[in-house]
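Below are the chains, spelled out letter by letter.
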Amino acid sequence: MNQSTAFSLQVRPKIPPRLARLEELANNLWYSWDRPTRALFARLHPGLWKACGQSPKAFLKRVDEQRLRDAAEDQVFIGNFNRVLAAYDTYHDHQLPASGADWLRKDDLIAYFCAEFGFHESFPIYSGGLGILAGDHCKAASDLRLPFVGVGLLYRQGYFQQTIDGEGNQIASNTDSHFDDLPIEPALRPDGSEAAITVELPGRTLHVKIWQARVGHIRLYLLDTDLSSNSPHDRDITHRLYGGDKVMRIEQEIVLGIGGVRALKEVGLSPTVWHINEGHAAFLGLERIRQKIREDGLNFAAALECVAANTIFTTHTPVPAGHDHFGMDMMQGYFAHYYPELKLSSDEFLALGKNSDSPDFNMTALAIRCTRFNNGVSRIHGDVSSVICGDMWPQIEANENPMTYITNGVHAPTFLATEWIEMLERHLGSEWSARMNDVEFWNAVDDIPDHLYWSVRQTLKAKMLNIVRERITAQHFRNHGSEAHLDRLLKYVNPENPNILTIGFARRFATYKRATMLFGNIDWLREILNNPERPAVFIFAGKAHPADVPGQDLIRRITQISKMPEFVGKVLLVEGYDLALSRKLVAGVDVWLNNPLYPLEASGTSGMKAGINGSINLSVLDGWWGESYDGKNGWAIKPVSETLSEDVRTREESHTLYELLQDQVIPQYYDHGKMGFSPSWVRMSKRSMSSIMPRFNSKRMVGEYLAKCYLPASRQYRAYSQEKYQNAVAVAAWKHHVRQCWHGVNLRRLDTPREAIEYGDSLRLELAVNLNGLHTSDVTIELLLGLQTRRERLADMHRYHFEASGEMVGANEHRYVLEVQPEHCGKLEYRIRLYPSHDLLTHPFELGMMRWL
């Protein structure tokens, strides 16, 4: 046998005609959020379904043909099959009515670019939160019937598979996906031929194949360089998600940004709105500008205005060091052939990616310069990002610059347990999904009888404990553990007795997430956990990036703690964190723990997934929890001062964590009433679900993008592109004129400031303004008036506009006048400012220019 050659042969079953549409179901990622569809496949062969990673397409290639024949004659299976098809057809045939002038037009199309997409564990082209969010965004866009396509990369290897040895060392392994097993097919050109593009790299041409995946109503286009026509190096560009060095990174981002724009054109699509989800795809702005110059004869400035007017950039990074950047020499090497097509010099091109923090070419800076809609992903993160990115608009206060926020949300049909869906339909009615954003409607959760509500919670907990036991057992025996010790490990995770307080912590093991904050004071923790009357168990799961040694040290530390005699069975670390485990944990744990270092959690979504399932959040007031916590829906760890050292902050906040656990969380859980559970716990759990569901679901999130970004961007695109881009040309010329004149613009006061007036009296102010060649219509001059407070907020001040009197003061200054009658008594303060203004600007302060008196 050792001398022989093994040849592989795939024998595919023939699907009976009666079950022919199984293939249609397998090739639409609708299955990733429709559990009855997945259950249909699982019924055919539960063991094979699990072995195939719950991939319908892979399953249909491997299932025994006799099972399919038997199923075609099984009336129970056919009944379930027909119900699934009815739901599928209803979902895909149903058209929402048009919503009048506020809705997107028929020719509108939104293109959403991201480096990773997480729909389901059977389609491993994601690593974590960014990808899952992108997947949820696409699912919600499908639910809302938006004209929408996604663009990403098709990786042979998704994020690594994780095992953990007996000493807590993370072992990363990678497996190549077989594209035949994935829910994808080659994308086609309008003429029916398979679509492909080329992208120029230094000294060579890269060939890229385009694939497509169906996601409900929408399409996802994925780019693949693993082609025989490419060199071995170039075939590897899309081989591994977030793999390789800076060279691999920039080449992936060129393929995603530049190649993605070309791919959409190749398949005959012309988006009217473009969305860059994180800076990896920022090169798309350059390619769109290049096409406008080449095809429409625009100069760079006009092409930039036209492109930026309908492009959205969402940043997910709360620290400057987290933004992608490349050395200027590297940029020169990759784009020396490219920037002449933009009609730019080398210096002009490289300036597009410059910022004050680094000499490198910054992808976030490029993204902001090529877009006019910019947002962070929570209220806190929006504030942080407006400061981090503030030098993009150097003369604008951070709280007024164009950086805003749209808080993330999660796709409820994906992450809400089936048991809850059934319960909601019984008690809230079948319209619960249509009224998902209705805050008042969700108060009806309080009317669900406590004992029924608690029964669902315990059922989900038992299911979660089952999968935890399975994984811990496999992990333990692989690491040569004994059966006797396994009994100790599993003592507190018993599905038959789900009455022990279970607290979950599952997310990426990055140092700022402080997974080991719980272990800051071992003696105190020992006191909390070793009460035989009120036991508690902590379940940890997550991956550290293979290059993140400090992150892997956190895994080792948790393993060490879990082996201490007093914590055996009470601190568990589950390997192989993935979407399947995530769905069970967020639905089943009693408490979801999150303790990042403020303000480094951009948003976080795992706590939302837990909250909609009735798990209760115990979290630092950062990211989304900072706007969700209301004192009744969970517990909050208030961040201490950022001026203190990280060690001191962690020590103080862990002190708060211990107090909450000891004084509130554990006593409340075990405060059992006559029914055998804690009424106050159920009340808080209901509040968690009813307060989080309507405000933090992806339907609300995408609806907010539609209102704040997509609709305005589509209008701006039409305004800028009409009459052969006349308005884009005009705005670009106007901005150039303003920049030429701005250095000489100044203002001074002509009247003498008054210190007091009577209520009802008017205050007259006069200014002399040197516009240095600008017209009076090119600027706005405002008085901002408000109550004098220690903490001034520009947004809270009343604005009054000065008018040009038509008179000159001397040779070069215009006289401006304002009469204002204050509406309040008391100590007021006012300020006067001037800024450029134009009716066609997307944001009033997009030039970043301001003069204060």
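Just so we're clear, the structure is a prediction, and the values are computed from it rather than from any experiment.

A.B. asks: Is there a simple way to think about the sheet that holds strand β25 (residues 803–809) in this case?
C.D. replies: In a beta sheet, neighbouring strands pair by backbone hydrogen bonds and run either parallel or antiparallel. Read across the sheet, four strands follow the order β21-β22-β26-β25 without closing on themselves; strand pairing throughout is antiparallel. At either margin of the open sheet sits one strand with a lone partner, and together these are β21 (746–749) and β25. Looking at each pair of strands side by side, their axes are set apart by 30 degrees on average, direction ignored. Two strands pair when backbone bridges link them, and β21 and strand β22 (residues 763–770) are joined in this way by four bridges, in the antiparallel orientation. Its bridge partner being in β22, Arg748 is matched across the sheet by Ala768.

A.B. asks: How should I be thinking about the packing of aromatic side chains in this particular structure?
C.D. replies: Remark: the centre distance and the inter-plane angle together describe each pair of aromatic rings, the angle taken between the planes. Under the defined criterion, the tally for this structure stands at 35 aromatic pairs. Geometrically, the ring pair formed by Trp30 and Tyr88 is edge-to-face, given 5.2 Å between the ring centres and 75 degrees between the ring planes. Residue Trp30 is located in the loop between α1 (22–26) and α2 (35–44), and its partner Tyr88 is located in helix α6 (residues 75–93); the two are separated by 58 residues in the primary sequence. An identical accessibility class is assigned to Trp30 and Tyr88; each is buried.

A.B. asks: What am I meant to see in the side chain of Glu287 here?
C.D. replies: One can find Glu287 in helix α10 (residues 283–296). If near-sequence neighbours (up to four positions away) are discounted, Glu287 is found in contact with Ile258, Val261, Arg262 and Tyr338.

A.B. asks: Any chance you could explain the sheet that holds strand β18 (residues 591–594) here in plain terms?
C.D. replies: With respect to topology, six strands assemble into an open sheet ordered β17-β16-β15-β18-β19-β20, the strand pairing being parallel. Each edge of the open sheet is held by one strand with a lone partner, namely β17 (571–574) and β20 (634–637). Here the average twist between neighbouring strands, direction ignored, is 20 degrees. In the sheet, strand β15 (residues 501–506) pairs with β18 via two bridges, with the strands oriented parallel. Looking at the pairing, Ile503 lines up with Val591 of β18. Along the sheet face, helix α22 (residues 579–588) touches β15, β16 (536–541), β17 and β18 and points at about 155 degrees away from the line of β16. Sitting on the sheet, helix α25 (residues 646–669) touches β15, β16, β18, β19 (616–620) and β20, and the angle it makes with β20 is about 165 degrees.

A.B. asks: Would you mind showing me how to read unusual backbone geometry here?
C.D. replies: Among all residues save glycine, negative phi is the norm, and among peptide bonds the norm is trans. Here the residue pair Tyr598 and Pro599 is connected by a cis peptide bond, since its omega of 0 degrees sits within 30 degrees of zero. Looking at where Pro599 falls in the secondary structure, it is placed in the loop between β18 and α23 (606–612). Despite not being glycine, Gln54 has its phi angle at roughly 55 degrees, a positive value. Looking at where Gln54 falls in the secondary structure, it is placed in the loop between α3 (46–51) and α4 (56–62). The phi angle at Lys343 is positive, at roughly 60 degrees, despite the residue not being glycine. Along the chain, the position of Lys343 falls in the loop between α12 (328–335) and α13 (346–351). For Lys343, a relative accessible area of 60% puts it in the exposed group.

A.B. asks: What is the right way to read the nonpolar core from this model?
C.D. replies: Inside soluble globular proteins, nonpolar side chains tend to come together where they are buried. Counting residues in each nonpolar core, the largest one holds 156 residues, and the members touching the most others are Phe123 and Phe283. Top contributing element to this core by residue count: helix α27 (residues 698–741), with 14 residues. Leave out the neighbours within four places in its chain, and Phe123 touches Leu29, Leu154, Leu182, Pro183, Ile184, Ala213, Leu220 and Leu222. Residues Leu525, Ala636, Leu657 and Phe696 belong to the second largest nonpolar core, which totals 101 residues.

A.B. asks: Would you take a moment to explain α10 for this structure?
C.D. replies: Structurally, the α-helix is built with 3.6 residues per turn, so residues lying three or four positions apart point the same way. Over its 14 residues, α10 extends 20 Å from the first C-alpha to the last, a length consistent with the 20 Å expected when each residue adds 1.5 Å. Across the 14 residues that make up α10, a large majority, eleven, are buried. Where α10 is concerned, the buried positions are Phe283, Leu284, Gly285, Leu286, Glu287, Arg288, Ile289, Arg290, Gln291, Lys292 and Ile293. At the exit of α10 stands Gly297, carrying a positive phi of roughly 70 degrees.

A.B. asks: Just checking my understanding: could you explain the environment of Phe179 for this structure?
C.D. replies: Mapped onto the fold, Phe179 is located in the loop between β4 (170–173) and β5 (185–186). Judged by relative accessible area, which is 7%, Phe179 ranks as buried. For Phe179 and Trp635, which are 456 residues apart along the polypeptide, the C-alpha to C-alpha distance reads 45 Å. Residue contacts for Phe179: discarding those within four places in its chain leaves Leu154, Tyr155, Arg156, Ile184, Trp211 and Asp224.

A.B. asks: I'm lost on helix α9 (residues 246–266) in this one. Help?
C.D. replies: Spanning 21 residues, α9 covers 28 Å between terminal C-alpha atoms, matching the ideal 30 Å at 1.5 Å per step. The axis of α9 is deflected most strongly, by about 40 degrees, at Gly259. Of all the 21 residues making up α9, 16 are buried; the element is thus mostly covered by neighbouring parts of the structure. At the N-terminal end of α9, a side-chain oxygen is found 3.2 Å from the backbone nitrogen of Val247, two or three residues along, and the residue is Asp245. Of the residues flanking the end of α9, it is Gly268, one or two places downstream, whose phi is positive at about 85 degrees.

A.B. asks: Mind showing me how you'd approach the state of the cysteines here?
C.D. replies: In a disulfide, the sulfur atoms of two cysteines are covalently bonded to one another. Within this structure, the stated rule accounts for zero disulfides. In this model Cys138 remains outside any disulfide bridge; the closest cysteine sulfur is found in Cys114, 8.5 Å from its own.

About the criteria used
Per chain, the residues get numbers from 1 upward, laid out in the order the sequence is written. Restriction of local features to residues with pLDDT of at least 70 applies here, the model being predicted, together with a cutoff of 80 or more for giving and counting side-chain atom pairs; totals for whole chains, interfaces and linings are based on all residues. Calculation of side-chain values draws on the structure's entire complement of heavy atoms; hydrogens and water are dropped beforehand. When DSSP finds two or more bridges between a pair of strands, those strands are recorded as paired. Put simply, DSSP marks the helices as runs of H or I at least four residues long and the strands as runs of E at least two long, and each gets a number from the N terminus on. Inter-axis angles, ranging from 0 to 180 degrees, are taken between N-to-C directions of lines fitted to C-alpha atoms, where helices are fitted over the stretch in contact. Only centres within 6.5 Å qualify two rings of Phe, Tyr or Trp (six-membered ring in Trp) as a pair; their planes then separate them into stacked at under 30 degrees, edge-to-face at over 60, and tilted for everything else. Any residue under 20% of the maximum accessible area for its type is buried, any over 50% is exposed, and the rest in between are partly exposed; the area is computed with a 1.4 Å probe on protein chains only. Contacts are residue-level and defined by heavy atoms, with any inter-residue pair within 4.5 Å sufficient. For our purposes a nonpolar core is just a set of buried Ala, Val, Leu, Ile, Met, Phe, Trp, Tyr and Cys residues, chained together by side-chain atoms within 4.5 Å. The span you would expect from a helix comes to 1.5 Å times its residue count less one. To obtain the bend at a residue, axes are fitted to the seven residues ending there and to the seven starting there, and the angle between these axes is taken. Here a polar contact means two N or O atoms within 3.5 Å. Within protein one must be a hydrogen donor candidate and the other an acceptor candidate, and residues neighboring in sequence count only if both atoms are side-chain atoms. Note that a disulfide, as used here, is simply two cysteine sulfur atoms within 2.5 Å.

None of this, on its own, says anything about what the molecule does.
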